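If you want the building blocks of each chain, they are given just below.
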Amino acid sequence: MNHDHYADDYIRHILKSVHTIAVVGASPNDTRPSHGVMGFLLGKGYRVIPVNPGHAGKTILGQTVYARLADIPEPIDMVDVFRAANQLQSVVDEVLTLWPLPSALWGQFTVRDDAAAARAEAAGIQVVMDRCPVTEYPVLMLKAS
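First, a word on what this report is: a plain description of the structure on this page. (Residues numbered from 1 in each chain as written. Predicted model: local features only at pLDDT ≥ 70, side-chain atom pairs only at ≥ 80, totals over all residues. Heavy atoms only, no water.)

Things to note about the environment of His5
Then step 1. Secondary-structure assignment places His5 in the segment before helix 1 (8-17).
Then step 2. Its relative accessible area of 59% is what places His5 among the exposed residues.
Then step 3. Considered as a pair, His5 and Met129 are 124 residues apart in the sequence and their alpha carbons are 9.7 Å apart. (Helix = DSSP H or I, 4+ residues; strand = E, 2+ residues; numbered from the N terminus. Buried < 20%, exposed > 50% of the residue type's maximum accessible area, 1.4 Å probe, protein only.)

Below you can see the structure in the form of structure tokens.
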């Protein structure tokens, strides 16, 4: 897939079909983008699970933090990545060990690695990179109403 542009329906389908979102790189610091995105997603009714090994066992926005995706005791529909682009390969490595596989992988602004995306897509996972659900949701979900 070409990740230079996404059709509105592609992103809208992801946002409508996912319910449980793991946020890799979640931060308890309310000035960090991951914190704001978590709050936004929780406010839209998604189940949001923070992943950050440095804060495992604590809570962020009332949600228990896990060290790794594999530690989450329930299926995940989407993995939202707040890590450097050069770490997306290792996130995909971890995602591909999950069962069931998440249906979507979302790389936040500046998080793009086409080779990592291709590996996820080869496993049937939809991929969005260098975008943020906070900016996409109001435009696409309100437009669909």
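Now that the structure has been shown, we can carry on.
Points about the pattern of salt bridges
Then step 1. Enumeration according to the criterion identifies 7 salt bridges in this entry.
Then step 2. Across the salt bridge formed by Arg119 and Asp93, the nearest N and O atoms sit 2.6 Å from each other. Of this pair, Arg119 sits in helix 4 (residues 114-122) while Asp93 is found in helix 3 (residues 88-95), placing the two residues 26 residues apart along the sequence.
Then step 3. For Arg112, the salt bridge goes to Asp114, with nearest N and O atoms at 2.8 Å. (Salt bridge = Lys/Arg side-chain N within 4 Å of Asp/Glu carboxyl O.)

Looking at unusual backbone geometry
Then step 1. Cis geometry marks the peptide bond from Trp99 to Pro100; its omega dihedral reads -5°.
Then step 2. Take Pro100: it is sitting in the loop between helix 3 and strand 6 (104-107).
Then step 3. Backbone geometry at Leu61 places phi at a positive 50°, although glycine is not the residue there.
Then step 4. Within the secondary structure, Leu61 sits in the loop between strand 3 (59-60) and strand 4 (63-64).
Then step 5. According to the relative accessible area criterion, Leu61 is partly exposed, its value standing at 37%.
Then step 6. One non-glycine residue, Asp130, adopts positive backbone phi at about 60°.

Remarks on the nonpolar core
Then step 1. Counting residues in hydrophobic clusters, the biggest one holds 47 residues, and the most contacted among them are Leu69, Val79, Leu88 and Leu105.
Then step 2. The contact partners of Leu105, leaving out residues within four places of it in the chain, are Val79, Val81, Leu88, Val91, Val92, Val95, Ala120, Ile125, Gln126, Val127 and Val128. (Core = buried A, V, L, I, M, F, W, Y, C linked by side-chain atoms within 4.5 Å. Contact = heavy atoms within 4.5 Å.)

Comments concerning the side chain of Glu136
Then step 1. Here Glu136 lies in helix 5 (residues 133-143).
Then step 2. Residue Glu136 is classed as buried on the basis of its relative accessible area of 12%.
Then step 3. Setting aside chain neighbours within four positions, we find Glu136 in contact with Ile11, Leu15, Trp106, Arg131 and Met141.

A look at the packing of aromatic side chains
Then step 1. Evaluation of the coordinates by the stated rule reveals 3 aromatic pairs.
Then step 2. Look at Phe40 and Tyr137: their rings are 5.6 Å apart centre to centre, the planes differ by 80°, and that puts the pair in the edge-to-face class. Residue Phe40 is located in helix 2 (residues 33-43), and its partner Tyr137 is located in helix 5; the two are separated by 97 residues in the primary sequence.
Then step 3. The exposure class assigned to Phe40 is partly exposed, which follows from its relative accessible area of 22%.
Then step 4. With relative accessibility at 16%, the residue Tyr137 sits in the buried group.
Then step 5. Centroid distance Tyr46 to Tyr137: 6.5 Å. Interplanar angle 80°. Geometry classified as edge-to-face. Of the two residues, Tyr46 is situated in the loop between helix 2 and strand 2 (47-51) and Tyr137 in helix 5; the sequence distance between them amounts to 91 residues. (Phe/Tyr/Trp six-rings, centres within 6.5 Å; stacked < 30°, edge-to-face > 60°.)

Describing helix 3
Then step 1. Inspection of helix 3 places Leu88, Val91, Val92 and Val95 among the buried residues, and these make up the whole buried set. Viewed end-on, helix 3 has its buried residues packed into an arc of 100°, placing them on one side of the element.
Then step 2. Contacts made by the buried residues of helix 3 are with strand 1 (20-24), strand 5 (78-81), strand 6 and helix 4. (Arc of directions from axis to C-beta.)

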